[in-house]
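# Summary of the model geometry
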Amino acid sequence: MENKLKISPQKKATIVSSSVAFLLTSIKLVVGIASGSVAVLASAVDSILDMLVSVFNYFAITNSEKPADKQFNYGRGKIEALASVIEGTIITVSGLFLLYQAGKKAYTGEISSYIQTSLIVMVISLFITIALVAYLNAIAKQTNNMVIKADALHYKTDVYVNGAVLISLVLVYFTKIEIIDVIVGARIAIFIIYSAYELIENGVLM
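Summarised in this report is the structure supplied together with it.

Cut-offs used in this document
- Residues numbered from 1 in each chain as written.
- Predicted model: local features only at pLDDT ≥ 70, side-chain atom pairs only at ≥ 80, totals over all residues.
- Heavy atoms only, no water.
- Helix = DSSP H or I, 4+ residues; strand = E, 2+ residues; numbered from the N terminus.
- Buried < 20%, exposed > 50% of the residue type's maximum accessible area, 1.4 Å probe, protein only.
- Contact = heavy atoms within 4.5 Å.
- Areas by Shrake-Rupley, 256 points an atom, 1.4 Å probe, with all protein chains shown as cover.
- 1 Å grid on protein atoms, 1.4 Å probe; cavity = no way out; pocket = protein on both sides within 12 Å on 5 of 7 lines; lining within 4 Å.
- Points joined across faces, edges and corners; volume = space filled by probe spheres on them.
- Nonpolar A, V, L, I, M, F, W, Y, C, P; charged D, E, K, R; others polar.
- Core = buried A, V, L, I, M, F, W, Y, C linked by side-chain atoms within 4.5 Å.
- Phe/Tyr/Trp six-rings, centres within 6.5 Å; stacked < 30°, edge-to-face > 60°.
- Lys NZ or Arg CZ within 6 Å of the ring centre and 35° of its normal.

### Regarding the overall build of the protein
When helices and strands are counted, the protein shows 7 helices and 0 strands. The order of helices and strands in the protein, counted from the N terminus, is α-α-α-α-α-α-α. Looking at the protein as a whole, 48% of its 206 residues are labelled buried. In the protein, the share of contacts with a sequence separation of at least 24, taken over all contacts with a separation of at least 6, comes to 80%. About 10900 Å² of surface is accessible on the protein, with carbon and sulfur atoms providing 69% of the total.

Pasting the structure below:
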């Protein structure tokens, strides 16, 4: 009974990452919509996808840990590769969506508001994400699990994303030049798409 109730380190890691992503999503989404900052909204959308991916990873790991049976003669390890490909694809789609949002703001000339609140949110998000990456990297080294490695990688990109958004907000706050928000949002989108390539490639070649 105890073995059945015991949660593996990699499964626990997906629960932690899902919970953190949900928290960050809730905060960023409210502030992103209220402020009109495409960079903050982009980060919020990325966090939504992070949450969905982490939830998917939980089920992928749960299935991959099951022993081989008549239906899966060689076990379910390939599910990890499939999860990596799906994760990379979702991240790519999110990048394309962010490009759209950046173009839309550039076209409409929307002005950002609540910048000070946005700054506080992004600072908090940055530190939380750094702590999460450190935790996921530790679990990845301990278990050598491909899904957790992928999770750690895309949360690592979030550290750069949060940092870029933070810099963008500071520059917009002091210069009042809204195009900075658009440029940073677009660059984040391109970076996300680029970072997703490795996940897809690893999953296909596994």
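Once you've had a look at it, read on.
### Brief notes about empty space enclosed by the protein
Counted according to the given criterion, the structure contains 1 cavity of 30 Å³ or more. Estimates place the volume of the largest cavity at around 60 Å³. Considering every element that reaches the lining of the largest cavity, the biggest residue donor is helix α6 (residues 146-175), with 4 residues. A breakdown of the residues in the lining of the largest cavity according to their chemical character gives 4 nonpolar, 3 polar and 3 charged.

### Concerning the nonpolar core
In terms of nonpolar packing, the biggest core is built from 44 residues, with L98, L136, I148, V165, L169 and I188 touching the most fellow members. Looking at this core, the elements that each hand over two or more residues are α2 (9-35), α3 (38-64), α4 (78-108), α5 (115-143), α6 and α7 (179-205). Take this core: its biggest share by element is 11 residues, from α6.

### Description of the layout of surface pockets
By volume, the largest pocket is sized at about 150 Å³. If you go around the largest pocket, the residues you meet are G32, I33, G36, S37, V38, L41, Q101, K104, K105, T108 and E110. When residues of the lining of the largest pocket are traced back to their parent elements, those giving at least two are α2, α3 and α4. Broken down by element, the residue count for the lining of the largest pocket peaks at 4 residues, all from α4. Here the lining of the largest pocket is built from residues that sort into 3 nonpolar, 5 polar and 3 charged.

### Focus on the packing of aromatic side chains
Here the structure, examined in full by the defined rule, presents 2 aromatic pairs. For the ring pair F97 and Y100, a centre distance of 6.4 Å and an interplane angle of 40° mean the geometry is tilted. Pair noted here: F97 and Y100 are both in helix α4, with a separation of 3 residues, about one helical turn. Taken together, a centroid distance of 5.1 Å and an interplanar angle of 85° make the contact between Y173 and F174 edge-to-face. Taking relative accessible area as the criterion, F174 reaches 65% and is therefore assigned exposed. Above the ring of Y173, the side-chain terminus of K176 is found at 5.2 Å from the ring centroid.

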